[in-house]
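Residues per chain, in single letters:
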Amino acid sequence: MVAQPKQNILRDSLKLFSSGALGQIVALLLLVFIGRQYSEEAMGILGSFLAWSGLFAIGIMGRYEQAIVVVPNDREAWGLFRSSIELAIVGTVNLFIFIYLANKFAAYIPLGGYTWWMPLYVLLLAIFSASSMLTLRLKRYGHLAISQGVRTVSNNLLKVLFGLRDPSAAMLLLSSALASLLGLIPIIRFAKRIWHEAPPRKARLIALKRHINFLRYSTPQTLINTALASLLILLIPFAYSISEVGILTMSTMLARRPLLVLSESIGQVYFERMSRTVSMRASLWGLIRRPIGLILTIGLVIAISLAFCIEPLVVLFVGDRWLASAEVILWMLPSLIFTFANSIFNVLPDILGRQKSNLYAQVLMLLFELVVIVSGFWLWDFGTFIPYYYSLVFVEQVLYFAFLLSLARRYELNIQL
């Protein structure tokens, strides 16, 4: 068995983690103003818009941007980067057509005219994602950390500044788009250079065919995974109102999103390190064991502490208007501990070539949540629905966490043969 490479994972993780942590601290502080500027309805439109955009952004690139990090050959990686952007441009044109047809024939569209903003925002998200993966491939962790910090801070800072003049849903959407654009500035020079160094079209098409499993398995898997994270926001307007979406969106901004941004920062480094470790047939367990213990221990302490003071904290941060978000966060906390861990290690199926097994697991989870949500909508009002939903989501996240660990353990047994 090949010895595990001695890489300073802690240093690289800290670069991204510190940037993400600082950005989230500033973003949370800015929520003091945002919560008092914008209405529940405006926040609901933002939440729905971001949820749908996230799904479309994944679909238009076929997850080939993930392959940029995994493939061993640099020239092939450069080709996959350029192909990802080209696929995103084609997908954006198709999205314009889809939105035209939806507005023409659909009986009810919660976002109304804001759907026309979506294609360009989705294209921006796709370019940012591919450029981030390229920067990670180049091991430019400092630049990636700055990019993430700029994007996170400017997102809420622009909301505050625009809210002084016009606290509307349009200003919230414009802030999100401009934040992604600003986040590109620290890493765009790498993207421009690699774009011109990419191999010719024939070689790029061969690379797309060689790594078609990212399209075949990782794309539906990631779409399902993203749908799992946003399914409630996507469906609430059809059962309650856009204001309830706003309450859930604020709860997410206060609790869920900061954790997911931090886990993404850590996960990006672990993705690259675990990929390299597996390519050398070295042990993964050392990379996995310690962070799991830290996440579960620290998460449990934080969740118990917040349970006793969540209502005054919410009022302090965002005002009395959002008191309903406190109860949502309270029920959300247990599942967030395992969601955080899963967000770091959910790349294991891609790395270990177990995309198909993970796809089946994700499909089962999506069907489970769909049944839970629809039955909850039918049985209860919004206030009673929340504890019912998040209690069952906690069970789901624990089971998925166990599934990811089982893949790692199976890999350990295989390399010892």
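The notes below deal with the structure included here. Worth saying up front: this structure is predicted, and the values here are computed from it rather than measured.

## Considerations on the overall build of the protein chain
Secondary structure summary: the protein chain contains 17 helices and zero strands in total. For the protein chain, the proportion of its 417 residues judged to be buried stands at 54%. The contacts in the protein chain between residues at least 6 apart in sequence include a share of 85% that link residues at least 24 apart.

## What to know about the pattern of salt bridges
Applying the stated criterion across every chain, the model contains four salt bridges. Notably, a salt bridge pairs Arg210 with Glu76, separated by 2.2 Å at the nearest N-O pair. In this pair, Arg210 is assigned in helix α9 (residues 201-210) and Glu76 in helix α4 (residues 74-105), connecting sequence segments 134 residues apart. Overall, the relative accessible area of 54% leaves Arg210 in the exposed class. Residue classification places Glu76 among the buried positions, given a relative accessible area of 13%. Of the charged contacts, one joins Arg82 and Glu86 as a salt bridge, the two residues approaching to 3.3 Å between their closest N and O atoms.

## Quick look at the nonpolar core
By size, the foremost hydrophobic cluster in this structure holds 118 residues, and its most contacted members are Met43, Leu232, Met274 and Leu284. With 14 residues, the top contributor of residues to this core is helix α17 (residues 382-415). Among residues more than four places away in sequence, those in contact with Leu232 are Leu248, Ile373, Phe377, Phe385, Tyr389 and Tyr390. If you look at the next biggest cluster of nonpolar residues, it comprises five residues, including Leu124, Phe128, Ile187 and Phe190.

## Quick notes on the packing of helix α2 (residues 40-59) against helix α10 (residues 213-235)
In contact at an axis separation of 9 Å, α2 and α10 are set at 175° when each is read in the N-to-C sense. Relative to α10, the element α2 is oriented roughly antiparallel. When α2 is examined against α10, the residues Gly47, Ser48, Ala51, Trp52, Gly54, Leu55, Ile58 and Gly59 are found in contact with a partner set consisting of Thr219, Thr222, Leu223, Thr226, Ala227, Ser230, Ile233 and Leu234. Of the residues belonging to the contact of α2 with α10, the class tally is eight nonpolar, eight polar and no charged.

## Some thoughts on a nonpolar patch on the surface
There is a patch of nonpolar side chains on the surface, built from Val93, Phe96, Ile97, Tyr100, Leu101, Phe105, Trp116, Trp117, Leu120 and Leu174 and spanning about 990 Å² of accessible area. In terms of residues, the nonpolar patch owes the most to one element, α4, which gives six residues. Within the fold, Leu174 resides in helix α7 (residues 169-184). The class for Leu174 is partly exposed, based on a relative accessible area of 31%.

Reading guide: rules and limits
- Residues numbered from 1 in each chain as written.
- Predicted model: local features only at pLDDT ≥ 70, side-chain atom pairs only at ≥ 80, totals over all residues.
- Heavy atoms only, no water.
- Helix = DSSP H or I, 4+ residues; strand = E, 2+ residues; numbered from the N terminus.
- Buried < 20%, exposed > 50% of the residue type's maximum accessible area, 1.4 Å probe, protein only.
- Contact = heavy atoms within 4.5 Å.
- Salt bridge = Lys/Arg side-chain N within 4 Å of Asp/Glu carboxyl O.
- Core = buried A, V, L, I, M, F, W, Y, C linked by side-chain atoms within 4.5 Å.
- Axes fitted to C-alpha atoms, helices over the stretch in contact; angles between N-to-C directions.
- Parallel < 35°, antiparallel > 145°, perpendicular 65-115°, else oblique.
- Nonpolar A, V, L, I, M, F, W, Y, C, P; charged D, E, K, R; others polar.
- Patch = residues over 30% accessible without salt bridge, like charges linked within 9 Å, V, L, I, M, F, W, Y side chains within 5 Å.
- Areas by Shrake-Rupley, 256 points an atom, 1.4 Å probe, with all protein chains shown as cover.

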